[in-house]
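# Summary of structural features
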Amino acid sequence: MSILIRGLAASTCLLASACSLAPPTSLPPPPIPVSWPVGDSYLAQSEAALPALSHTELFRDARLQQLIATALSENRDLRIAFADLAAARAQVRVVRAGQFPSLGVDGGITASRAGSGGNDQDSDNGRGSRVRYALQGGVSGFELDLLGKLANATEAQRNRAFATEAVARTVRIGLIADIAQAWATYAADRDLLAIAEATAANARESVRLTDLRLRGGVAPRTDLSQAQQVLASADLAIAEQRAALAQDANLLRLLVGADIDPALLPSGVDEIAASFAPVPAGLDSRILLRRPEVIEAEYLLRAANADIGVARAQMFPSLSLTGLLGVASTGLGNLLTGDAFNFTAGANAGYSIFDAGGRSANVAVSQAQREAAIAIYERAIQRAFRETADALADQGSLVSRQKAASDNAAAAATTARLTEARYRNGVDSFLDSLIAQRSLFAARQQLVGIRLAELQNRATLYRVLGTVE
């Protein structure tokens with residue numbers, strides 16, 4: 001028994017002092033500037049501490065926040081991501097179990113009866129039945145992790161689980177941004193529907209007045225046909241916008257993962273414009289290191305680094321320890337007494353002498369994968385910087401674009417009103433009035449589109465800079 005105890009103690013010491021052949025993980029410096037680009041189309045950003053951008057900071061409307069809260073518990077894509085994360089975490093425990101010995105116990109019972117050889121007088125001579133019990137337990141196939149192969153395999157799997165968690169964060173942030181954009185799109189389509197309805201009402205009045213002028217011999221029939229064209233175009237726009245609103249609501253239901261109370265839907269862009277807050281000033285570009293895609297790439301790099309340690313350790317012999325404790329007795333009373341207890345222990349070492357360079361090639365594969373992981377990590381940061389810089393460039397021009405669109409819509413409204421009056425007074429032709437009405441319709445649509453672009457830009461900035469609470 002003391003031999004087995006000393007053997008187990010020695011293996012414990014070896015495990016405690018096991019070394020690792022994995023190289024230290026060294027992250028490359030972020031391949032991005034220390035601050036955002038500054039220019040006419042960029043927002044000037046001062047360097048500051050890395051902030052955390054919560055969706056509640058940027059999307060302040062209580063109705064939108066309620067939709068987001070429901071989506072975070074009901075969205076099916078998010079559930080899939082969380083299930084994948086749970087599986088990845090469980091896989092870490094599966095791999096880690098290989099670092100520990102496997103213990104097992106077997107038991108058995110046998111019964112025998114000695115015969116009397118056909119002599120009835122000897123049938124009860126005491127030789128009778130005999131029952132034998134056996135109990136066996138031990139350690140099987142336990143590999144001593146002298147070079148850290150098993151520990152590095154666990155570390156690699158753990159880092160892959162962390163990368164999966166980052167993927168789940170990407171899904172969560174993307175879901176919130178998608179809901180915000182879909183909600184804003186619904187508001188814009190409500191505005192476009194109102195514009196189409198107003199245009200149709202105005203066109204219907206033009207058709208009525210032009211028909212009266214035709215009956216009075218003042219206007220030609222072409223004027224009536226052109227007025228009817230404007231009305232038909234407006235009716236077509238109404239039908240298209242109603243379909244777009246239904247599709248917007250369907251998209252929101254899909255994103256939220258449940259039915260939506262109509263009271264949570266916006267009535268127009270102007271109603272919700274103030275609730276989409278701008279990104280706080282003073283962002284350091286290193287905030288991109290908090291992006292889930294960058295975090296995922298970093299953990300995959302760490303996993304690739306640990307894989308090198310596994311591949312290197314496989315080039316050396318493996319040492320396994322086996323131990324066995326057993327008891328056998330003819331009766332339960334003396335099962336654990338006397339000579340009933342016995343044990344065996346042993347160790348095995350194995351090494352392949354020739355494998356045609358397979359293990360060396362495996363190390364080379366792991367090292368090449370690590371180099372690829374470094375490039376992927378750097379690319380993730382560069383891509384994040386580009387996406388954020390593009391969103392900031394878009395935001396920097398939206399103010400001037402919205403002012404120009406607003407001025408254009410106001411001028412178009414004035415032109416349409418004056419041209420209509422001149423037509424009624426017989427100064428201008430109906431063609432001039434028709435052109436002015438179409439220009440007004442397009443200008444109002446353009447203004448709504450730019451207002452929507454501003455709200456979608458805020459959602460995009462959350463997508464590229466937002467964090468998970």
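Residues numbered from 1 in each chain as written. Predicted model: local features only at pLDDT ≥ 70, side-chain atom pairs only at ≥ 80, totals over all residues. Heavy atoms only, no water.

### Quick look at the nonpolar core
Judged by nonpolar contacts, the single largest core of 55 residues is most densely connected at F59, L64, I179 and F276. Counting residues per element, the ones that place at least two in this core are α3 (62-74), α5 (149-215), α6 (221-256), α7 (269-272) and α10 (430-465). A total of 20 residues in this core trace back to one element, the largest contributor, which is α5. Non-local contacts of F59, meaning those with residues more than four positions away in its chain, are made with L64, Q65, I68, I176, A180, S275, F276, R458, A459 and Y462. Listed in part, the 17 residues of the second largest apolar core include V294, A297, V464 and L465. (Core = buried A, V, L, I, M, F, W, Y, C linked by side-chain atoms within 4.5 Å. Buried < 20%, exposed > 50% of the residue type's maximum accessible area, 1.4 Å probe, protein only. Helix = DSSP H or I, 4+ residues; strand = E, 2+ residues; numbered from the N terminus. Contact = heavy atoms within 4.5 Å.)

### Some remarks on the environment of P220
With respect to the helices and strands, the residue P220 is situated in the loop between α5 and α6. Distance from P220 to T210, taken between C-alpha atoms, is 8.8 Å for residues 10 residues apart in sequence.

### Description of the packing of α6 against α10
With their axes 9 Å apart at the nearest point, α6 and α10 run at an angle of 10° to one another. Taken together, the axes of α6 and α10 are roughly parallel relative to one another. Note on element contacts: α10 touches α6 through F430, L431, L434, Q437, R438 and F441, opposite D223, Q226, A227, Q229, V230 and A237. For the contact of α6 with α10, the class distribution of residues is 7 nonpolar, 3 polar and 2 charged. (Axes fitted to C-alpha atoms, helices over the stretch in contact; angles between N-to-C directions. Parallel < 35°, antiparallel > 145°, perpendicular 65-115°, else oblique. Nonpolar A, V, L, I, M, F, W, Y, C, P; charged D, E, K, R; others polar.)

### Some thoughts on the layout of surface pockets
To locate leftover empty space, one rolls a probe as large as a water molecule over the atoms. Size it by volume and the largest pocket reaches roughly 320 Å³. Every residue lining the largest pocket is counted, 15 residues in all, and those nearest its centre are T199, N202, Q437, L440 and F441. Going through the elements one at a time, α5, α6, α9 (358-424) and α10 are the ones with two or more residues in the lining of the largest pocket. Broken down by element, the residue count for the lining of the largest pocket peaks at 5 residues, all from α10. For the lining of the largest pocket, the class distribution of residues is 6 nonpolar, 5 polar and 4 charged. (1 Å grid on protein atoms, 1.4 Å probe; cavity = no way out; pocket = protein on both sides within 12 Å on 5 of 7 lines; lining within 4 Å. Points joined across faces, edges and corners; volume = space filled by probe spheres on them.)

### Section: the pattern of salt bridges
Counting across every chain of the model gives 18 salt bridges. Among the salt bridges present, the one from E205 reaches R208, with a minimum N-O distance of 2.6 Å. Taken together, the residues E205 and R208, both in helix α5 and 3 residues apart, mark about one turn of the helix. Classification of E205 by relative accessible area gives partly exposed; the value is 30%. One salt-bridge network, in which partners are shared between bridges, spans D61, R63 and E271. (Salt bridge = Lys/Arg side-chain N within 4 Å of Asp/Glu carboxyl O.)

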